[in-house]
Amino acid sequence: MVEIIVNLEKNSYPIKIGMGIVAEENFNKFGCGKCAIITDSNVEKLYAKDLEKKLNQEGLFSKVFSFPAGEKSKTFATVISLGRKMIKSGFDRKSLIIALGGGVVGDVAGFLASIYERGIKFIQIPTTLLAQIDSSIGGKTGVDVPEGKNLFGTFYQPLEVMTDINFLATLPKKEIKNGLAELIKYGMIKDSRLFEFLRNNYSNLGEKELAEIIEKASGIKAAIVSKDEKESGERTILNYGHTIGHAIETIENYRISHGEAVALGMVCEGKISNTLGLLSAADLKKQIELIRLIGLPVNYCGNTDKLIEIMRRDKKAQAGNPHFVLPIKIGAVKNEENKFAFAVKENIIIKSLK
Ligand SMILES: NC(=O)c1ccc[n+]([C@@H]2O[C@H](COP(=O)([O-])OP(=O)(O)OC[C@H]3O[C@@H](n4cnc5c(N)ncnc54)[C@H](O)[C@@H]3O)[C@@H](O)[C@H]2O)c1
Ligand SMILES: [Zn+2]
């Protein structure tokens with residue numbers, strides 16, 4: 001087992017990574033009476049019973065609360081419905097929420113934990129590659145509204161992240177690809193060696209390779225969050241590909257997955273950086289090639305005006321101007337005095353979308 005610490009003073013917590021680690025955990029140590037296992041309809045069928053059994057063996061009371069799988073469930077309505085069911089089942093301030101699932105479960109369960117009776121303890125058990133390398137770490141929680149993605153939410157850190165690689169055995173290939181999109185992101189913004197590792201191994205990811213990339217990515221994210229929990233500086237770089245990516249998800253009403261949208265976003269935002277003379281044509285080509293080789297989309301034909309209108313409401317936008325993280329080479333982004341996202345002229349944004 002590998003342990004990585006997210007260092008946030010009194011809110012610090014470990015990310016434990018390994019095979020079969022959930023079965024070996026001691027859940028009593030969290031000092032909570034009742035455990036609410038929050039999950040989605042797919043993960044419930046696969047893993048909820050085992051976790052319930054494990055908690056019962058430890059003498060803990062647990063109950064499963066699930067919602068229909070998919071981004072369309074990442075709403076206030078889901079959070080309220082789960083919360084009301086928990087109240088009716090007698091969960092109180094001393095209870096623990098366990099987020100068992102992908103990024104959607106983590107964001108919904110974390111948001112609920114942050115507001116349930118003004119905040120109760122929660123832990124993350126991520127079951128998708130994307131959640132294991134990204135969304136379970138760092139305490140961003142939230143829900144979508146028709147106006148845009150993640151526009152409501154909180155920063156609320158879990159007590160622990162249990163990254164059990166065994167869960168990935170049942171994950172469909174398409175979902176592995178979604179995780180790889182965020183991995184390309186880490187490569188582009190921070191780690192050229194991770195980018196190269198992906199180029200060499202994307203078609204042959206066994207347990208060993210998966211463990212390696214999960215540990216690497218978790219380490220990168222933990223270090224960035226430890227420096228900048230509330231995204232006032234460097235944490236912004238994790239949004240590479242997301243300004244355009246989130247707008248595409250919104251406009252397509254989540255028919256395109258988060259990973260696919262981020263892939264398209266990185267293609268366009270990489271082009272913006274190239275047009276501005278920051279990212280070389282060779283590095284841009286390498287990025288687009290890797291996205292294509294993995295089987296993620298590289299071309300998007302959507303309504304440009306609508307995309308820009310949605311980007312104006314992005315959380316990084318300032319005075320209605322969308323801002324972008326701009327790679328200067330594979331493994332590094334533009335940074336000016338702790339500023340990591342930049343406004344870009346509309347004609348350049350439009351050109352990148354063509
Ligand atoms: N909070 C953050 O910092 C952060 C960071 C990145 C992404 N996100 C969010 O994460 C979400 C995307 O997460 P995701 O890609 O994990 O999507 P997801 O949670 O919808 O999971 C994808 C699919 O895989 C299924 N699944 C999950 N685990 C499985 C398993 N082990 N075996 C078989 N099927 C399984 C799910 O039921 C679902 O159908 C988006 O909403 C995105 O905004 C949040
Ligand atoms: Zn993302």
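Residues numbered from 1 in each chain as written. Chains lettered and ligands numbered in written order. Predicted model: local features only at pLDDT ≥ 70, side-chain atom pairs only at ≥ 80, totals over all residues. Heavy atoms only, no water.

Draft legend 1. Expanded view of the site of ligand 1. Looking at ligand 1, there are 28 residues lining it, with Asp40, Glu71, Thr127, Thr128 and Thr170 nearest. Here an oxygen atom of ligand 1 sits 2.9 Å away from a polar atom, N or O, in the side chain of Asn42. Burial of ligand 1 by the protein chains amounts to 90% of its free accessible area of 870 Å². Listing elements by their share of the shell around ligand 1, those giving two or more residues are helix 2 (41-57), helix 4 (103-115), helix 5 (129-135), strand 8 (148-155) and helix 6 (173-189). The greatest single-element share of the shell around ligand 1, amounting to four residues, is contributed by helix 2. Across the shell around ligand 1, the residue classes tally to nine nonpolar, nine polar and 10 charged. (Near = heavy atom within 4 Å. Polar contact = N/O pair within 3.5 Å; in protein donor to acceptor, adjacent residues only side chain to side chain. Areas by Shrake-Rupley, 256 points an atom, 1.4 Å probe, with all protein chains shown as cover. Helix = DSSP H or I, 4+ residues; strand = E, 2+ residues; numbered from the N terminus. Nonpolar A, V, L, I, M, F, W, Y, C, P; charged D, E, K, R; others polar.)

Draft legend 2. Inspection of the nonpolar core at higher detail. Among the nonpolar cores identified, the biggest contains 53 residues, and Leu129, Leu183 and Ile184 are the most heavily contacted of them. At the level of secondary structure, the elements contributing two or more residues to this core comprise strand 1 (2-6), strand 2 (13-18), helix 5, helix 6, helix 7 (192-201), helix 8 (207-227), helix 10 (258-275) and helix 11 (281-294). Per element, the largest residue contribution to this core is nine residues, and it comes from helix 8. Setting aside chain neighbours within four positions, we find Leu183 in contact with Leu129, Ile133, Leu194, Leu198, Ile213 and Ala217. Core analysis: the second largest hydrophobic core is formed by 21 residues, Ala36, Val79, Ala99 and Leu112 among them. (Core = buried A, V, L, I, M, F, W, Y, C linked by side-chain atoms within 4.5 Å. Buried < 20%, exposed > 50% of the residue type's maximum accessible area, 1.4 Å probe, protein only. Contact = heavy atoms within 4.5 Å.)

Draft legend 3. Structural context of a nonpolar patch on the surface. Side chains of Phe76, Ile80 and Phe152 sit close together on the surface and give an oily, nonpolar patch of about 270 Å² of accessible area. Positionally, Phe76 belongs in helix 3 (residues 76-88). According to the relative accessible area criterion, Phe76 is partly exposed, its value standing at 33%. (Patch = residues over 30% accessible without salt bridge, like charges linked within 9 Å, V, L, I, M, F, W, Y side chains within 5 Å. Salt bridge = Lys/Arg side-chain N within 4 Å of Asp/Glu carboxyl O.)

Purely spatial values, then, with no claim about function.
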